[in-house]
Amino acid sequence: MRIANLSGRLTLIVDGRAVDVEKASDGRFSADPQAVYEHWEEFRSWATAAELPAGASFEPAELGSPAPAPRQTLAIGLNYRDHASESGFAAPEGLPPVFTKFVTSISGPVTEVKLPAGGNTDWEVELVAVIGRRAEGVREADAWSHVAGLAAGQDISERVAQLAGPAPQFSVGKSYPGFAPIGPWLVTPDEFDNPDDLELRCAVNGEEVQKGRTRDLIFPVPALIAQLSAVLPLLPGDVIFTGTPAGVGLGRDPQRFLAAGDELVSSVEGIGELRQTFVA
C-alpha cells in the first residue's frame, strides 16, 4: 500500500494513480494526511478491503510529505560505519546520536530550496520510518508492527550553523525551510521482500555521490524503535530519519557543498525519489 499527501489531501496511490481517501471512504477518514496515523489499523483494514474508484493522474510536484506535521521528528547520526569514519568519529556502540529536525523544515518530494547565506549546505540521503502505532518499551522483535511505512528522506544540513558554537547545533543546522523533504509517498513494510535491506542513492547534477544499503545500518529500524521507545513514547505519525551512508560533502577531500542551480536527486529502492533544486 502507498499512502500520499496530494495537494494537502490524504491519497492512496494505486497503479500510479491517485485515489482521494475522504471521498472514497464517504468521509469515514479525514482528508488530513497526518490524521490517518491515529486511526492506522482501522484505515489499513478499510483500504485493504475497499472497492476503490478509478484514480486520477497527478504531477510529482503536487505531492507533499506523507507525514507533514509529526509531533516528534527524531533523526539519527553516525548510523553507518563508513559515514562515522568519514566524519571523524568512532562508530556508536550504545544509543547513537539523536537530534530533531523541526517540523517547519519538512517538505514534499519535489521542491526548490533556498540556500542559507554564508553556509555550507550538504546532502544526506536517508530511509525514513513513520510510526503507525504507539511504541513504548517495545521489543526489537515486535518493532516492525509499530511502523506504518517507509519513505525516502533527505537530511539536508548546513554545516557552518551545525558545527558552530561551544557545542554543535545539529537541530538548528538541519532545520532551515525545506531541509527535510520526505516522500514521494509512504510504502507499507509488507510491500518489500526485506524492509531491512534497501538501496539508497543520491546524485548531484547527475553525478552519484552516495550509494548504500540499509542492511549496513549499525542500528536498523527495529533496533532504533526499541532503543528510542525505551526512553520516550513514539507516537502515531512520528518520523524517524535513520541515518546516512558515506559520501556526504563534508567528508570529501576537498570538501564539496551545494550551490545555486544544483539539482539533488535522492532515491530509496522500492519507494521512489526526491528531487530538490537549490537557489541563492
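Owing to the predicted nature of the structure, the values given are computational and were not obtained by experimental measurement.

1. Regarding the pairing of strand β2 (residues 9–14)
- Both strand β1 (residues 2–6) and β2 contribute to a ladder of 4 bridges, which runs antiparallel. Opposite I3, over in β2, you have L12 as the bridge partner.
- Once β1 ends, the chain turns through 2 residues before running back antiparallel as β2, passing S7 with a positive phi of about 50°.
- Strand direction decides the pairing type here: β2 and strand β3 (residues 17–20), joined by 4 bridges, are antiparallel.

2. Notes on the pairing of β1
- For β1, the buried fraction is high: 4 of the 5 residues fall into the buried class.
- Strand direction decides the pairing type here: β1 and strand β13 (residues 180–187), joined by 2 bridges, are antiparallel. Among the inter-strand pairings, R2 is bridged to a residue of β13, identified as V187.
- Taken together, the 2 bridges between β1 and strand β4 (residues 63–64) define a ladder with antiparallel strand orientation. What sits directly across from L6, in β4, is L63.

3. What to know about the side chain of Q210
- Secondary-structure assignment places Q210 in strand β15 (residues 207–213).
- Overall, the relative accessible area of 1% leaves Q210 in the buried class.
- Those residues in contact with Q210 that lie beyond four places of it in its chain are W123, E124, V125, L200, R201, C202, T244, P245, A246, G247 and V248.

4. Some thoughts on the side chain of T111
- Here T111 lies in strand β8 (residues 110–114).
- Those residues in contact with T111 that sit more than four places away from it in its chain are R275, Q276 and T277.

5. Regarding a nonpolar patch on the surface
- A contiguous nonpolar surface patch, about 270 Å² in accessible area, is contributed by L95, V98 and V231.
- Along the chain, the position of L95 falls in the loop between α3 (81–86) and β6 (98–100).

6. Some remarks on the environment of G137
- Relative to the assigned elements, G137 resides in the loop between β10 (125–131) and β11 (147–154).
- Judged by relative accessible area, G137 falls into the exposed class, the value being 55%.
- The spacing of G137 and S107 is 30 residues in sequence and 30 Å in space, taken between C-alpha atoms.
- The contacts of G137, once residues within four sequence positions are left out, are S229 and A230.

So, how was this worked out
Residues numbered from 1 in each chain as written. Predicted model: local features only at pLDDT ≥ 70, side-chain atom pairs only at ≥ 80, totals over all residues. Heavy atoms only, no water. Pairing = 2+ DSSP bridges. Helix = DSSP H or I, 4+ residues; strand = E, 2+ residues; numbered from the N terminus. Buried < 20%, exposed > 50% of the residue type's maximum accessible area, 1.4 Å probe, protein only. Contact = heavy atoms within 4.5 Å. Patch = residues over 30% accessible without salt bridge, like charges linked within 9 Å, V, L, I, M, F, W, Y side chains within 5 Å. Areas by Shrake-Rupley, 256 points an atom, 1.4 Å probe, with all protein chains shown as cover. Salt bridge = Lys/Arg side-chain N within 4 Å of Asp/Glu carboxyl O.

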